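# Fold and contact review
Residues per chain are reported as follows:
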Amino acid sequence: MKNKNLPYLIIFSVIVILIAELIGFKVLSIGKFKIGLLPLLFALIITMILAFNIFRKGILEKVYNEENVNFAGKYLIIIMLPLMAKYGADVAPRLKEIISIGWIFLIQELGNVGTVIIGLPIALLIGLRREAIGSTLGLGREGELAYISEKYTLNSDEGRGVLSMYIFGTLFGAIFFSVIAPIFLEIGFRVEALAIASGMGSASMMTAASSALAAIHPEKAEIIRAYAAASQLLTSFIGTFTMVFIAVPLQRFMYNKLTGGKKMTKKLFENYFIKNLSILTLSLSLILFTQWIKVLKYGDKGPQITIYTFLGLFCLGLFAIIGIILQRVMQKAPIKFIRDFPILGWVSITSLFFCMISTEVIKAINSVDFLSITTPILTYAGISVADR
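Cut-off values and rules
Residues numbered from 1 in each chain as written. Predicted model: local features only at pLDDT ≥ 70, side-chain atom pairs only at ≥ 80, totals over all residues. Heavy atoms only, no water. Helix = DSSP H or I, 4+ residues; strand = E, 2+ residues; numbered from the N terminus. Rg over C-alpha atoms; globule rule 2.2 N^0.38 Å. Buried < 20%, exposed > 50% of the residue type's maximum accessible area, 1.4 Å probe, protein only. Contact = heavy atoms within 4.5 Å. Areas by Shrake-Rupley, 256 points an atom, 1.4 Å probe, with all protein chains shown as cover. Lys, Arg positive; Asp, Glu negative; His and termini not counted. Charge placed at Lys NZ, Arg CZ, Asp CG, Glu CD. pLDDT = per-residue confidence, 0-100. Core = buried A, V, L, I, M, F, W, Y, C linked by side-chain atoms within 4.5 Å. Axes fitted to C-alpha atoms, helices over the stretch in contact; angles between N-to-C directions. Left-handed = near helix turned anticlockwise from the far one by under 90°. Nonpolar A, V, L, I, M, F, W, Y, C, P; charged D, E, K, R; others polar. Disulfide = S-S within 2.5 Å. Salt bridge = Lys/Arg side-chain N within 4 Å of Asp/Glu carboxyl O. Expected span 1.5 Å × (residues − 1). Parallel < 35°, antiparallel > 145°, perpendicular 65-115°, else oblique.

### Details of the overall build of the protein chain
Looking only at helices and strands, the protein chain features 20 helices and 2 strands. Here the C-alpha radius of gyration of the protein chain, 21 Å, is about what a compact globule of 388 residues would show, namely 21 Å. By principal-axis analysis of the C-alpha atoms, the protein chain measures approximately 60 × 60 × 50 Å. Taking all 388 residues of the protein chain together, 51% fall into the buried category. Partitioning the contacts of the protein chain with sequence separation of at least 6, the portion at a separation of at least 24 is 78%. Carbon and sulfur atoms form 68% of the exposed surface of the protein chain, whose accessible area is close to 18400 Å². Side-chain charges of the protein chain comprise 36 positive and 23 negative groups, with the mean position of each set lying 5 Å from the other.

### A short note on the confidence of the model for the protein chain
The predicted model of the protein chain averages 84 in pLDDT, with 92% of residues at 70 or higher. No element of the protein chain has a lower mean pLDDT than helix 6 (residues 95–99), which averages 67, and none a higher one than helix 1 (residues 6–23), which averages 94. Per-residue pLDDT stays below 50 along residues 266–271; that stretch engages in 21 contacts with residues further than four places along the chain or on separate chains.

### Focus on the nonpolar core
The biggest cluster of nonpolar side chains holds 89 residues, and the ones touching the most others in it are Tyr64 and Tyr380. Not counting residues up to four positions away in its chain, the partners in contact with Tyr64 are Phe12, Ile46, Thr47, Leu50, Ala51, Arg56, Val69, Ile383 and Ala386. Core analysis: the next-biggest nonpolar cluster, separate from the first, contains 13 residues, Leu185, Leu213, Ala214 and Ala221 among them.

### Describing the environment of Ala132
Tracing the backbone shows Ala132 in helix 9 (residues 130–135). Once the C-alpha coordinates of Ala132 and Gly161 are considered, the two residues, 29 residues apart in sequence, prove to be 6.2 Å apart. Among residues more than four places away in sequence, those in contact with Ala132 are Leu120, Ala123, Leu124 and Gln251.

### Some words on the packing of helix 5 (residues 76–91) against helix 10 (residues 142–152)
Where helix 5 contacts helix 10, the axes come no closer than 10 Å and their chain directions differ by 145 degrees. Both helix 5 and helix 10 take part in a crossing whose hand is left-handed. Here Leu76, Ile77, Met80, Leu83, Met84 and Tyr87 of helix 5 come into contact with helix 10, specifically with Glu142, Leu145, Ala146, Ser149 and Glu150. Looking at the contact of helix 5 with helix 10, its residues break down into 8 nonpolar, 1 polar and 2 charged.

### As for the state of the cysteines
Counted under the stated rule, the structure contains 0 disulfides. As a non-bridged cysteine, Cys315 has Cys355 as the owner of its nearest cysteine sulfur, 7.7 Å distant. With relative accessibility at 12%, the residue Cys315 sits in the buried group. On the basis of relative accessible area, Cys355 is assigned to the buried category, the value being 3%.

### A closer look at helix 10
Extensive coverage of helix 10 is indicated by the burial of 11 of its 11 residues. Of all the positions in helix 10, only Glu142, Gly143, Glu144, Leu145, Ala146, Tyr147, Ile148, Ser149, Glu150, Lys151 and Tyr152 are classed as buried.

### As for the pattern of salt bridges
Charged atoms that come close allow side chains of opposite charge to pair. For the structure on display, the rule yields 7 salt bridges. Linking Glu192 and Arg190 is a salt bridge whose minimum nitrogen-to-oxygen distance equals 3.5 Å. Salt bridges here are not isolated pairs; linked through shared partners, they connect Arg130, Glu131, Asp157, Glu158 and Arg160.

### A closer look at helix 18 (residues 343–357)
Here helix 18 contains 15 residues, and its C-alpha end-to-end distance of 22 Å stays within 8% of the 21 Å for a straight helix at 1.5 Å per residue. Every buried residue of helix 18 is accounted for by Ile343, Leu344, Gly345, Trp346, Val347, Ser348, Thr350, Ser351, Leu352 and Cys355.

### Points about the packing of helix 5 against helix 20 (residues 370–384)
Axis separation between helix 5 and helix 20 bottoms out at 10 Å; the angle between their running directions is 160 degrees. Comparing their axes, helix 20 and helix 5 come out roughly antiparallel. Like other packed secondary-structure pairs, helix 5 and helix 20 cross with a definite hand, here left-handed. Where helix 5 approaches helix 20, its residues Leu76, Ile79, Met80, Pro82, Leu83, Lys86 and Tyr87 are matched on the opposing element by Phe370, Ile373, Thr374, Ile377, Tyr380 and Ala381. Taken together, the residues that form the contact of helix 5 with helix 20 break down as 11 nonpolar, 1 polar and 1 charged.

This is the structure:
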């Protein structure tokens, strides 16, 4: 990577992560509603605010130069791969439970394409074009963010759309679903159906929706929480595959029809193993640094760093590398959907496979703090949209 300003970007990202983690978790009260502000959000806000031209002087001009901004958008998917690998440790211990959940829970997963069927025409109607691709693929959580980042990069209009939805969902998603769930209950939907629908792939949104329903029907609180948790678990397991095999083809078809046949552009980029390995090493180092800050800030009350933490980081990195290799190898496959299957999918499958084999792998990966993975991701996500 011939970018003499890259060290400035890396040092800057470390400083931003440090500041965001020292700020920590904050609660903002708006009337009776409370918005939880995580360090990842502060990291995103800091990097986006400092991107304004008024601040781009001296060192910041070197941090936000064109090469660094393009680097952050182009390789964000690699930085996100450890997060995709961690999902395997969450799902593997409860795989039997997922399989036994039942056909009702499986069918409700098709509701995830509602953002495409309903949201895409509305987005195009109000004037969005390629931004609509990113903003309507799903709820705009980590899975959609990773997919759009891989296929288009966050420097694109599609990337701006998904990142906008990610920010909006982080700030207001829980509030929205805590209000909308009781409204649908009043319309006539069964509380059991709404409980299942609460498992949408976001823990905060699921908690908000199911808690609102349980408050109205306290006698069914246990059923509501159980259904919501089971649905959430299923969504976390097959959400990526629903997106890749159903939502993406449907969106592509609808977009071409609704825009008069203008094809969805696809920005491909080089994906060399050595480059990705270097960036993956950077990602894992930032995760360890972030978790170390949490140890200093919270002591025994927060996440710890043990030998299992290092083993967990090794496993996350190994699964990401295997996923990258599989994605490259499968480019020669005769079946198109296998060639188009994203890296994040291969990483998730690899992680799930190894986590099913060994409980020690699960223990190691669970020693890596989830939020310590997300703060570096949002730091580079903020930098990646600096010029947009």
